[in-house]
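What follows is the residue order along each chain.
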Amino acid sequence: MRMRAAVLEEFGQPLVVQEIDLEEPKPGEVLVRLVACGVCHTDMYTASGVDPSGYAPAVLGHEGAGVVEAVGEGVDSLRVGDHVVTLFSPQCRECEHCLSPRTNICLAIRDQQGKGHLPDGTTRLSRDGEPIRHFMGTSTFAEYTVMPAIALAKVSPEAPLDRACLFACGLSTGLGAAMYTAKVEAGTTCVVFGAGMVGLGAVAGCRLQGADRIVCVDLSQERLQMARHQGATDVMIGGADTVEAILEMTGGFGADHTIEATGLVGVMRQAVESARMGWGLATMCGVAGKGETLAIIPRLLITGRRVAGSSFGGVKGRDQVPQLVQRYLDGDIDVDAFLSHRLTLDEVNKGFDLMHAQDGIRSVIEFA
Ligand SMILES: NC(=O)c1ccc[n+]([C@@H]2O[C@H](COP(=O)([O-])OP(=O)(O)OC[C@H]3O[C@@H](n4cnc5c(N)ncnc54)[C@H](O)[C@@H]3O)[C@@H](O)[C@H]2O)c1
Ligand SMILES: [Zn+2]
Ligand SMILES: [Zn+2]
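Structure report, in brief. (Residues numbered from 1 in each chain as written. Chains lettered and ligands numbered in written order. Predicted model: local features only at pLDDT ≥ 70, side-chain atom pairs only at ≥ 80, totals over all residues. Heavy atoms only, no water.)

To continue, consider the coordination of the zinc ion (ligand 2). Looking at the zinc ion (ligand 2), the protein donor atoms are Cys40 (SG), His62 (NE2) and Cys169 (SG), and they sit 2.0 to 2.2 Å from it. The exposure class of Cys40 is buried, given its relative accessible area of 5%. (Donors = N, O, S within 2.8 Å, 3.2 Å for Na, K, Ca; no water. Buried < 20%, exposed > 50% of the residue type's maximum accessible area, 1.4 Å probe, protein only.)

Written as structure tokens, this is what we have:
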């Protein structure tokens with residue numbers, strides 16, 4: 001079929017919206033009609049050419065939600081008409097990692113996904129017979145996408161898809177970091193560094209876990225205001241003296257949990273240093289620049305602080321994204337507050353500009 005999609009043609013250049021070809025789903029795959037898609041940092045990062053693993057031409061986009069239009073042979077988990085959220089982090093439910101409660105990092109299709117292929121090593125996207133590669137296994141800056149069934153979470157049809165799409169990446173990453181990776185306990189003190197989509201999600205996650213005190217640190221007063229709305233009990237402007245300020249607030253010990261959502265290694269270091277002696281857990285969500293390292297004084301670890309990393313918030317996508325969406329429907333999470341701009345597919349590059357200018361939390365592309 002023919003469809004419109006935003007293609008990364010050349011690194012550092014705007015995406016080009018155009019008509020390209022999409023093949024039918026093969027066995028184990030599903031054709032999804034996109035209804036909405038958020039614009040996330042990873043899309044911009046790849047488009048910029050800074051990501052060493054990036055490739056072109058490719059159809060970007062990974063924060064999608066839509067409706068199943070057709071299923072390939074052997075797909076019994078989804079039916080035509082189902083509402084789905086796309087998962088760049090799939091869940092096959094069969095590999096060693098999926099069978100373990102300790103991780104959400106599925107091993108099933110990693111290699112092919114990283115190369116921009118579907119699991120059988122080919123692409124469904126093409127132009128004049130030349131293959132165009134998929135991105136993060138999702139390619140949701142397009143009217144339609146073909147994806148493996150194991151990379152789609154079936155969500156309640158009651159959830160508006162322009163909000164459900166935020167659960168495809170940023171929001172679930174933040175919520176999950178608190179709920180599934182850190183497993184924040186009720187009554188604890190938590191510090192969240194960063195109040196973008198991920199950090200605000202983490203603040204909400206700490207609140208849902210029953211944290212007693214939630215401190216949010218950011219550079220923007222406006223964003224800190226949003227953090228308060230999501231449940232932060234204290235907010236502060238970040239800087240060189242942040243660790244000292246947090247130690248002071250916590251009787252000199254540090255916080256039970258710190259969650260980093262900035263992507264800055266200097267802030268990651270602050271997250272480690274403001275975690276409590278004895279048992280403080282510092283959870284890293286941010287994606288640092290290529291070659292950057294995190295400096296930790298080993299004594300901080302010997303005296304009981306721990307460090308964890310969190311990919312997609314530790315969320316096992318097919319099982320837990322539907323649960324998180326349900327919590328939104330139950331009124332536990334104010335998702336509307338994150339949806340700052342609505343764009344058409346043709347305005348996708350404006351989504352990058354808005355993100356660059358830190359204008360709003362999320363821009364969402366809506367497909368007519
Ligand atoms: N682990 C994952 O699976 C995953 C998924 C999505 C995004 N991410 C990463 O998470 C990070 C956050 O994503 P986002 O969409 O929320 O980004 P964002 O840019 O919207 O938010 C980052 C926030 O950090 C704040 N900040 C900057 N310097 C600071 C400082 N010194 N102290 C405190 N706050 C500071 C900024 O003001 C901003 O509000 C990024 O690195 C992104 O790539 C990771
Ligand atoms: Zn993302
Ligand atoms: Zn798996």
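Below, the discussion takes up the site of ligand 1. Lining the immediate environment of ligand 1, one finds 25 residues, of which Asp218, Arg223, Cys285, Ser310 and Phe312 sit closest. Contacts to ligand 1 include Cys285, whose backbone N or O atom sits 3.0 Å from a nitrogen atom. For ligand 1, a nitrogen atom lies 2.9 Å from a polar atom in the backbone of Ser310. Considered on its own, ligand 1 offers 860 Å² of accessible surface; in the complex 88% of this is hidden by protein. Mapped by element, the contributors of at least two residues to the shell around ligand 1 are helix H6 (197-208) and strand S12 (213-218). (Near = heavy atom within 4 Å. Polar contact = N/O pair within 3.5 Å; in protein donor to acceptor, adjacent residues only side chain to side chain. Areas by Shrake-Rupley, 256 points an atom, 1.4 Å probe, with all protein chains shown as cover. Helix = DSSP H or I, 4+ residues; strand = E, 2+ residues; numbered from the N terminus.)

Once that is clear, we can look at helix H8 (residues 242-249). Each α-helix winds once per 3.6 residues, and so residues spaced three or four apart point in a common direction. The complete set of buried residues in H8 reads Thr242, Val243 and Ile246. Around the axis of H8, the buried residues are gathered within 100 degrees of arc, so they sit on the same side. Exposed and facing more than 90 degrees away from the buried side of H8 are Glu244 and Glu248. Gly251 occupies a position one or two residues after H8 and carries a positive phi of about 65 degrees. (Arc of directions from axis to C-beta.)

In this section: the packing of aromatic side chains. Summed over the entire model, instances satisfying the criterion amount to three aromatic pairs. Centre to centre, the rings of Phe88 and Phe312 are 5.2 Å apart; their planes meet at 65 degrees, and the pair counts as edge-to-face. Placement of the pair is Phe88 in the loop between strand S6 (83-86) and helix H2 (96-99) and Phe312 in the loop between strand S16 (306-309) and helix H11 (317-329), with a sequence separation of 224 residues. According to the relative accessible area criterion, Phe312 is buried, its value standing at 2%. (Phe/Tyr/Trp six-rings, centres within 6.5 Å; stacked < 30°, edge-to-face > 60°.)

Judged by which residues are buried, strand S15 (residues 281-284) turns out to be covered on both faces: Leu281 and Thr283 on one side and Ala282 and Met284 on the other are all buried. Pairing of strand S14 (residues 257-260) with S15 involves four bridges; the strand directions are parallel. Its bridge partner being in S15, Glu260 is matched across the sheet by Met284. For the segment spanning S14, helix H9 (residues 265-273) and S15, crossover handedness is right-handed. Taken together, the four bridges between S15 and S16 define a ladder with parallel strand orientation. Residue pairing for S16: Thr283 is matched across the bridge by Ala308. (Pairing = 2+ DSSP bridges. Right-handed = clockwise from strand over helix to strand, strands pointing away.)

Strand S18 (residues 362-366) sits mainly inside the fold: four of its five residues count as buried. Of the strand pairs in this sheet, strand S3 (residues 29-38) and S18 are connected by three bridges, and their pairing is antiparallel. Bridging from a neighbouring strand, Gly38 pairs with Val364 of S18. Alignment of strand S17 (residues 339-343) against S18, held across four bridges, turns out to be parallel. Across the sheet, the residue bridging to Leu339 is Arg362, located in S18. One crossover worth recording links S17 to the parallel S18 by way of helix H12 (residues 348-356), and it is right-handed.

Distances from the zinc ion (ligand 3) to its protein donors, Cys92 (SG), Cys95 (SG), Cys98 (SG) and Cys106 (SG), fall within 2.3 to 2.4 Å. One can describe the donor arrangement at the zinc ion (ligand 3) as tetrahedral, given that its four donor atoms subtend angles of 106 to 118 degrees at the metal. Sequence spacing of the donor residues for the zinc ion (ligand 3), all on one chain, is C-x2-C-x2-C-x7-C. Like Cys98, the residue Cys106 is buried in the burial classification. (Tetrahedral: all angles 85-135°; square planar, octahedral: opposite > 155°, others 65-115°.)

With that out of the way, let us pick up the side chain of Ser156. Examined against the element boundaries, Ser156 turns out to sit in the loop between strand S10 (152-154) and helix H4 (161-164). Residue classification places Ser156 among the buried positions, given a relative accessible area of 17%. Apart from the residues lying within four places of it in its own chain, the contact partners of Ser156 are His83, Gln326 and Leu329. (Contact = heavy atoms within 4.5 Å.)

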